[in-house]
Amino acid sequence: MTRRLLRSRAGFSLTELIIAMLLSSFVMIGIVGISAQMVRFQVEGMKKGSVTGWSLVAITAMNKEIEDGTVLAYPTNATGAQDTLIACKNYSRVTNAALSASEPILTFGYCYDSTAPGYLRRWTTLGSCPAGVPTPPTCSTISEVVATGVYRDASNNFIFRRADDVGGVQIRYRVGNPTPTTNMPMPQTMAFDMKFAMNKQYNNTAD
C-alpha cells in the first residue's frame, strides 16, 4: 500500500504543469510590466530635469542680457518669422557712439539652430554695433549653446520678434519635444512666451 502511494505521487500531471506555467506567465508579465513602468517613470523624470535645467539656463542668460541692452538691431519689426536676435550694450543711435567712453560697445546675439534636437546659441563681439539689418553668422557654427531640445510651438512662426509695446523683444519657443512617442507617451516640455524690456538710455526713441 505504501509503495503504491509513493509511486502515484512521484511526479506532476500534465494539467498541473500547464496550470503552473500559466501562473508563472502571469507573474512574469506583471513583473515585466511593472519594470517597464518604472523605467518609463525614470526616463520621464530625467527628461523633465533636463528640460527644466535648460529652460532656467536660457531664461536667466537672455533676461539679464536683453534688459541691459540699449539698441535692438534685429529683428527690425514686429512681423514675420525671426530666428535671430541681435542687440547692443553701451551704444546709442542718437550719438552713434558709446554711452560710456570707459566701457566697450558690446554686440550680442542669439539664434535658433533648428538642427534636431534644436539649439539656442549665443555669440558676442566688441567694438561696434550693427547698423540697419545686420547679417547674422551661421547659427550652427556658433559653439556657445544656451539651450538644447528647443522647438517651435505649432502656432508660432517666430522665435524672436520686436516688441515695441514694451520697448524690447518677444521670445517664443518650447524646450522639449512635444510629439508623443512610444517610449515617451507624455512628453516633458516647457513653453515660453515672454517679453523683455530693454534699457532705453536718454529716452532714445531711435533705438
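In case you missed it, the structure is sitting above this.
Residues numbered from 1 in each chain as written. Predicted model: local features only at pLDDT ≥ 70, side-chain atom pairs only at ≥ 80, totals over all residues. Heavy atoms only, no water.

Novice: Would you take a moment to explain the overall build of the chain for this structure?
Specialist: Looking only at helices and strands, one finds two helices and 11 strands in the chain. Scored against the burial criterion, the 207 residues of the chain give a buried share of 35%. Put simply, 58% of the contacts in the chain that link residues at least 6 apart link residues at least 24 apart. On the chain, roughly 12400 Å² of surface is accessible, and the fraction owed to carbon and sulfur atoms is 59%. (Helix = DSSP H or I, 4+ residues; strand = E, 2+ residues; numbered from the N terminus. Buried < 20%, exposed > 50% of the residue type's maximum accessible area, 1.4 Å probe, protein only. Contact = heavy atoms within 4.5 Å. Areas by Shrake-Rupley, 256 points an atom, 1.4 Å probe, with all protein chains shown as cover.)

Novice: Explain the state of the cysteines here, please?
Specialist: A covalent bond between the sulfur atoms of two cysteines is referred to as a disulfide. Scanning all chains against the criterion turns up two disulfides. Disulfide pairing is shown between cysteine 88 and cysteine 129; the S-S distance is 2.0 Å. Taking the sign of the S-S torsion, 95° for the link of cysteine 88 and cysteine 129, the bridge is right-handed. Here cysteine 88 is found in strand β2 (residues 84–89), whereas its partner cysteine 129 is found in the loop between β6 (119–126) and β7 (145–148), with 41 residues between them in sequence. The exposure class assigned to cysteine 88 is buried, which follows from its relative accessible area of 0%. (Disulfide = S-S within 2.5 Å.)

Novice: Would you mind going over the environment of glutamate 67 with me for this structure?
Specialist: One can find glutamate 67 in helix α2 (residues 14–68). Taking the C-alpha atoms as reference, glutamate 67 lies 8.1 Å from glycine 168; in sequence the two are 101 residues apart. Here glutamate 67 is in contact with Ala197, Met198 and Asn199, once residues within four sequence places are set aside.

Novice: What should I look at first to understand unusual backbone geometry in this one?
Specialist: Residues apart from glycine generally show negative phi values, whereas peptide bonds are mostly found in trans. In this chain, tyrosine 74 is followed by proline 75 through a cis amide linkage whose omega measures 10°. When you line up the elements, proline 75 lands in the loop between β1 (71–74) and β2. In this structure, the amide linkage connecting alanine 116 to the following residue, proline 117, adopts the cis form with an omega of 10°. You can see proline 117 is positioned in the loop between β5 (106–113) and β6. For asparagine 90, which is not glycine, the phi torsion reads 60° and is therefore positive. For asparagine 90, the position within the fold is in the loop between β2 and β3 (91–92).

Novice: I would appreciate a short explanation of the sheet that holds β2 in the present structure.
Specialist: By definition, the strands of a sheet pair up through backbone hydrogen bonds, in either a parallel or an antiparallel sense. The antiparallel open sheet is built from five strands, whose spatial order is β1-β2-β5-β6-β7. Strand pairing shows two members of the sheet lacking a second neighbour, β1 and β7, which therefore form its edges. Taking the axes of each pair of neighbouring strands and ignoring which way they run, one obtains an average angle of 20° across the sheet. Judged from the three bridges that link them, β1 and β2 form a sheet pairing that is antiparallel. From the neighbouring strand, valine 71 faces β2, where its bridge partner is cysteine 88. (Pairing = 2+ DSSP bridges. Axes fitted to C-alpha atoms, helices over the stretch in contact; angles between N-to-C directions.)

Novice: Would you mind showing me how to read the side chain of arginine 122 here?
Specialist: Mapped onto the secondary structure, arginine 122 falls in strand β6. Polar side-chain contacts of arginine 122 include one of 2.7 Å to the side chain of glutamate 65. Non-local contacts of arginine 122, meaning those with residues more than four positions away in its chain, are made with Glu65, Gly109, Tyr110, Ile142, Glu144 and Val146. (Polar contact = N/O pair within 3.5 Å; in protein donor to acceptor, adjacent residues only side chain to side chain.)

Novice: Any chance you could explain the environment of glycine 109 here in plain terms?
Specialist: Along the polypeptide, glycine 109 turns up in strand β5. Owing to a relative accessible area of 0%, glycine 109 belongs among the buried residues under this scheme. Separated by 28 residues in sequence, glycine 109 and proline 137 place their C-alpha atoms 9.4 Å apart. Those residues within four positions of glycine 109 in sequence are excluded, and the remaining contacts are Leu85, Ile86, Arg121, Arg122 and Trp123.

Novice: What exactly am I supposed to notice about the pattern of salt bridges here?
Specialist: When the charged atoms of two side chains with opposite charge come close together, those side chains can pair. A complete count under the given rule lists nine salt bridges for this structure. Linking glutamate 65 and lysine 89 is a salt bridge whose minimum nitrogen-to-oxygen distance equals 3.7 Å. Taken together, the positions of glutamate 65 in helix α2 and lysine 89 in strand β2 put the pair 24 residues apart, joining distant regions of the chain. Between lysine 195 and aspartate 165 there is a salt bridge, and its shortest N-O distance comes to 2.7 Å. Here lysine 195, found in strand β11 (residues 190–197), pairs with aspartate 165, found in the loop between β9 (160–163) and β10 (168–175); they are 30 residues apart in sequence, far enough to count as distant. A network of salt bridges, in which partner residues are shared, links Glu65, Lys89, Arg122 and Glu144. (Salt bridge = Lys/Arg side-chain N within 4 Å of Asp/Glu carboxyl O.)

Distances and angles like these do not, on their own, reveal function.
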